[in-house]
Amino acid sequence: MVLLVSWAPVGLKRVPLTLAILCVAIGVAVFSTGLLAFDPDPRTWDTATERLTELVVIISLMGAGLKLDRPPGWRSWSTTWRLLAVAMPLTIAAVAWLGWAGLGFSLAMALLFGASMAPTDPVLASDVQCGPPRSGDEDEVRFGLTSEAGLNDALAFPFIHLAILAAAGGLATQGDLADWFTIKVGWKLLAGLGSGWLVGKVLGYLLFRSRRGGLSKLADGLIALAATLIAYSVAEMVHGYGFLAVFVCAVAIRGTEREHDFHQEMHDFSDQIERLLMMLLLVLFGGALANGLLSSLTWTDALIGLAVVFVIRPVAGLIAMVGSGQPWRERLLLAFLGIRGVGSVYYLAYGINHGDFGDSERLWAVVGFIILVSILVHGVTATPLLARLARRRGSFPAAAAPANPRGSENGD
């Protein structure tokens, strides 16, 4: 499998497959033989599922932050803010309503369903993200999806906590709601943002600005993993959102010295670790499918799962882009390519491990089905769609120019 991760991306360029699809297929094939007694069902290995997905997500978030050449700014990141402030809450509300009205879930489980489906996955969305640092592969669609994936994994967390609060019966208590708003929303977001920025600035200074000309010449790409774990640990110790801290740390490191070659080395190392862990998770996901993860799925569940992929996220994304000035093709791609994957598994496992939601077998089946559909549909269509957009941009540069051009160093 390690050899496959190394060689497959080259061979898969000429066929409508991705590494993710291949890993899931191998997992299904291997575990269907019955030769392995191990059953990788996330419902059985709930704590291991939470921890393993947590690790791969934070490593992916570091890679996503290092990819971004564009300095943060209100105007230059307007696509990101639209997707976060409009598309994500609309997606949560619509999916939660479908879970409650269509699937008969309790309010708590419906909220958990909606919040788990909110993030654009930073792991499986690597095919639609920006290229490596300074590669120039950062059109508005790739930038929007990369920055959205980097931030909405953290911004979905308050809604997971809201679902846990609902499971405990706390929505009817004013004190519990006030605690949720001040701590789970206010403090944890600020603490994650502040700790990530601080760690990123300190590491950036040590790497690029210290007295001896920076320590980057004495280091290697392993620094990316160190930065990931330090930022995440500091955020957790001050009770902040570690996902947010890791992404902000990566953006802060890039901002310290944006053109240095060492960013490429850190990105490459982070990308290799991410692909190895992604391979492991997807093979295990294929094994869970082979061992009956979707056994409780009904036709109603499947239809609602398809609606999440083909209706709710695309419509929410298009609403978010109203008035953006983006060409329609770019709006459609930003809306459609909201890939669901490892982040959704993490949030679902986290919620179930920290709240009393009752029997979650059907919820796991619906989420597993949505992730499978997203892996297949987005995996097959993403690369051709983005390649077609790039060719059209090359033929009509004026019409395809991004509405929000890259900002200056201060983000204006």
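Provided above is the structure to which this section pertains.
Just so you know, these numbers come straight off a predicted model, no measurement behind them. (Residues numbered from 1 in each chain as written. Predicted model: local features only at pLDDT ≥ 70, side-chain atom pairs only at ≥ 80, totals over all residues. Heavy atoms only, no water.)

Caption draft 1: Spatial organisation of the overall build of the protein. Looking only at helices and strands, the protein has 16 helices and zero strands in total. For the protein, the C-alpha radius of gyration of 21 Å lies close to 22 Å, the compact-globule estimate for 412 residues. Scored against the burial criterion, the 412 residues of the protein give a buried share of 55%. Taking all contacts inside the protein whose residues are at least 6 apart in sequence as the whole, residues at least 24 apart take part in 82%. When the accessible surface of the protein is totalled, it reaches about 17400 Å², and 66% of it is carbon and sulfur. The average position of the 30 basic charges and that of the 32 acidic charges among the side chains of the protein differ by 9 Å. (Helix = DSSP H or I, 4+ residues; strand = E, 2+ residues; numbered from the N terminus. Rg over C-alpha atoms; globule rule 2.2 N^0.38 Å. Buried < 20%, exposed > 50% of the residue type's maximum accessible area, 1.4 Å probe, protein only. Contact = heavy atoms within 4.5 Å. Areas by Shrake-Rupley, 256 points an atom, 1.4 Å probe, with all protein chains shown as cover. Lys, Arg positive; Asp, Glu negative; His and termini not counted. Charge placed at Lys NZ, Arg CZ, Asp CG, Glu CD.)

Caption draft 2: Molecular detail of unusual backbone geometry. One non-glycine residue with positive phi stands out, namely His239, at about 60°. Of note, His239 is situated in the loop between α9 (222-237) and α10 (242-256).

Caption draft 3: Region of the structure containing the packing of helix α4 (residues 78-102) against helix α6 (residues 140-155). In the contact formed by α4 and α6, the axes pass within 8 Å of each other and the chain directions differ by 50°. With respect to each other, α4 and α6 are oriented oblique. In terms of crossing hand, the pair formed by α4 and α6 is right-handed. Every residue of α6 that contacts α4 at Thr79, Thr80, Trp81, Leu83, Leu84 and Met88 is listed here: Glu140, Phe143, Gly144, Ser147, Glu148, Leu151, Asn152 and Leu155. Looking at the contact of α4 with α6 residue by residue, the class counts come to seven nonpolar, five polar and two charged. (Axes fitted to C-alpha atoms, helices over the stretch in contact; angles between N-to-C directions. Parallel < 35°, antiparallel > 145°, perpendicular 65-115°, else oblique. Left-handed = near helix turned anticlockwise from the far one by under 90°. Nonpolar A, V, L, I, M, F, W, Y, C, P; charged D, E, K, R; others polar.)

Caption draft 4: Structural detail: the packing of α4 against helix α5 (residues 107-116). Between α4 and α5, the least distance of the axes is 7 Å, while the angle of their chain directions is 140°. Comparing their axes, α5 and α4 come out oblique. Crossing of α4 over α5 shows right-handed handedness. Together, Ile92, Val95, Ala96, Gly99 and Trp100 of α4 and Leu107, Ala110, Leu111, Phe113, Gly114 and Ala115 of α5 make up the contact between the two elements. In terms of residue class, the contact of α4 with α5 is made up of nine nonpolar, two polar and no charged.

Caption draft 5: Broad picture of the packing of aromatic side chains. As enumerated under the stated definition, the model contains 16 aromatic pairs in all. Taking the centre distance of 5.0 Å and the plane angle of 90° together, the rings of Phe157 and Tyr347 count as edge-to-face. Note that Phe157 is positioned in helix α7 (residues 157-167) and Tyr347 in helix α14 (residues 342-354), a separation of 190 residues in sequence. Here Phe157 and Tyr347 have matching classes, each one buried. Of the aromatic side chains, those joined through ring pairs into one cluster are Phe157, Tyr232, Tyr241, Phe243, Tyr346, Tyr347 and Tyr350. (Phe/Tyr/Trp six-rings, centres within 6.5 Å; stacked < 30°, edge-to-face > 60°.)

Caption draft 6: Representation of helix α12 (residues 299-320) in the model. Here α12 is 22 residues long and its end C-alpha atoms lie 30 Å apart, about the 32 Å a rise of 1.5 Å per residue gives. At Val308, α12 is bent by approximately 45°, the largest bend along its length. For α12, the complete set of buried residues consists of Asp301, Ala302, Ile304, Gly305, Val308, Val309, Ile312, Arg313, Pro314, Ala316, Gly317 and Ala320. (Expected span 1.5 Å × (residues − 1). Bend = angle between axes of the 7 residues up to and from the residue.)

Caption draft 7: View of α10. Its 15 residues give α10 an end-to-end C-alpha distance of 21 Å, which sits within 8% of 21 Å, the value for a rise of 1.5 Å per residue. With 14 of its 15 residues buried, α10 lies for the most part within the structure.

Caption draft 8: Quick look at the nonpolar core. Among the nonpolar cores identified, the biggest contains 122 residues, and Phe113, Phe243 and Ile375 are the most heavily contacted of them. Counting residues per element, this core draws most heavily on helix α15 (residues 361-395), at 13 residues. (Core = buried A, V, L, I, M, F, W, Y, C linked by side-chain atoms within 4.5 Å.)

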